[in-house]
Amino acid sequence: MGGSIHYMHSPRSVIEQLRHWFPPVLGILLLGVSMWAIRQELRQHSPQEIWDSLQAIPPKWVGMAMLFTGLNYWALTGYDTLAIRYVGYALPYRKTALVAIISYAISNTVGLALLSGSALRYRFYSSWGLSSAKIAQIIAFCNLSFWLGLFTVGGVLFTLEPIAVPTLLKLPFSSVYPLGIVFLGMTLAYLGWSFLGFQSWQIGKWTLPHLPIQFSLAQIAITALDWLLATAVLYVLLPSTNSLSFAGFFGIYLLAQLAGLISNIPGGLGVFETVMLMLISPPLPAHELLGALLAYRGIYYLLPLTLALLLLGGYEIAQRYSVPRH
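Everything quoted here is computed from the prediction, not taken from an experiment.

Trainee: What's the story with the environment of Phe250 in this structure? I'm lost.
Mentor: Within the secondary structure, Phe250 sits in helix 9 (residues 246–263). Considering only alpha carbons, one finds Phe250 and Leu157, 93 residues apart in sequence, at a separation of 7.6 Å. Here Phe250 is in contact with Val153, Leu157, Trp227, Leu228 and Thr231, once residues within four sequence places are set aside.

Trainee: Can you help me understand the packing of aromatic side chains in this one?
Mentor: Each aromatic ring pair is characterised by the separation of its centres together with the angle its planes make. Counted by the stated rule, this structure contains 24 aromatic pairs. Ring centres of Tyr73 and Tyr300 lie 6.2 Å apart, and the angle between their planes is 50°; on these two criteria the pair is classed as tilted. Pair noted here: Tyr73 is in helix 3 (residues 59–87) and Tyr300 is in helix 11 (residues 286–322), with a separation of 227 residues, a long-range link. Residue classification places Tyr73 among the buried positions, given a relative accessible area of 7%. For Tyr300, a relative accessible area of 6% corresponds to the buried category. On the numbers, 5.3 Å between centres and 25° between planes, the contact of Tyr86 with Phe141 is stacked. With Tyr86 in helix 3 and Phe141 in helix 6 (residues 132–160), the pair connects residues that are 55 residues apart, well separated along the chain. Classification of Phe141 as buried rests on a relative accessible area of 1%. Here Arg121 stacks its cationic end above the ring of Tyr104, 4.9 Å away from the centre of that ring. Positioned above the aromatic ring of Tyr301, the side-chain terminus of Arg297 is 4.6 Å from the ring centre.

Rules and cut-offs
- Residues numbered from 1 in each chain as written.
- Predicted model: local features only at pLDDT ≥ 70, side-chain atom pairs only at ≥ 80, totals over all residues.
- Heavy atoms only, no water.
- Helix = DSSP H or I, 4+ residues; strand = E, 2+ residues; numbered from the N terminus.
- Contact = heavy atoms within 4.5 Å.
- Phe/Tyr/Trp six-rings, centres within 6.5 Å; stacked < 30°, edge-to-face > 60°.
- Buried < 20%, exposed > 50% of the residue type's maximum accessible area, 1.4 Å probe, protein only.
- Lys NZ or Arg CZ within 6 Å of the ring centre and 35° of its normal.

So, in structure tokens, the structure goes:
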């Protein structure tokens with residue numbers, strides 16, 4: 001109006017603008033959400049309480065927990081590295097490792113792993129030239145790997161070391177043995193399909209990709225190592241009065257994590273601790289277990305999250321200043 005000329009943007013130009021602005025906006029948004037998650041984590045306990053609980057744990061075991069955490073995140077890089085091989089795209093390990101560390105550190109704490117982890121993978125892989133179709137395959141592969149490994153490890157542990165199910169979970173059985181049988185059955189069925197099948201399986205809107213048997217076995221190996229190291233982080237932080245075997249504790253840890261995953265609360269915060277307290281205390285006193293759980297939260301969640309935020313922030317800054325100026 002008033003003699004001014006208005007230009008209509010084509011739908012294609014609008015989409016191009018959105019594609020240009022969406023990745024950096026997404027990166028900033030995830031940074032903000034992650035900072036909020038840190039604040040929520042710390043406000044649950046006073047600084048003095050956290051400090052006293054940490055002081056009660058011998059420094060050598062804190063160091064061991066940090067070592068196992070580092071090894072665990074090294075194992076997590078195997079998901080994306082294997083996925084990149086599956087889609088047939090060549091990327092150096094340092095790039096797939098960067099994506100895996102940032103994605104898992106943030107999604108583990110923020111929650112909504114499918115959304116946050118997928119968004120971060122899209123952010124990185126699209127900037128490195130991968131098509132949307134290949135990125136979708138990578139995301140599906142990583143999520144399938146996680147659940148396949150969980151069913152395998154859970155099936156073995158829940159069958160060999162069946163533990164009582166807390167009433168809090170409201171499951172229709174008193175021990176995890178039936179759950180172990182179901183998990184093992186699903187794993188064996190999947191491996192049989194990988195060995196004998198030749199095409200993907202459509203389940204409603206979801207597509208279950210068919211993988212060669214060697215990829216399926218590699219998925220299980222990586223995820224088993226992932227769960228083993230994650231469990232070791234908390235196990236070494238338990239009080240010296242702990243009489244639980246690692247195998248027995250492994251099953252308890254897995255059930256508590258499964259409850260946290262089902263709750264969809266960021267990091268299973270509160271749900272994980274409640275299940276652990278119900279299954280371990282007694283024999284371990286609750287106040288002693290609290291220190292181990294607080295240290296575990298700090299070492300396994302907050303330290304990697306802090307590192308991921310620094311890596312993500314550094315990447316975003318580097319990307320911004322590497323864009324050619326006109």
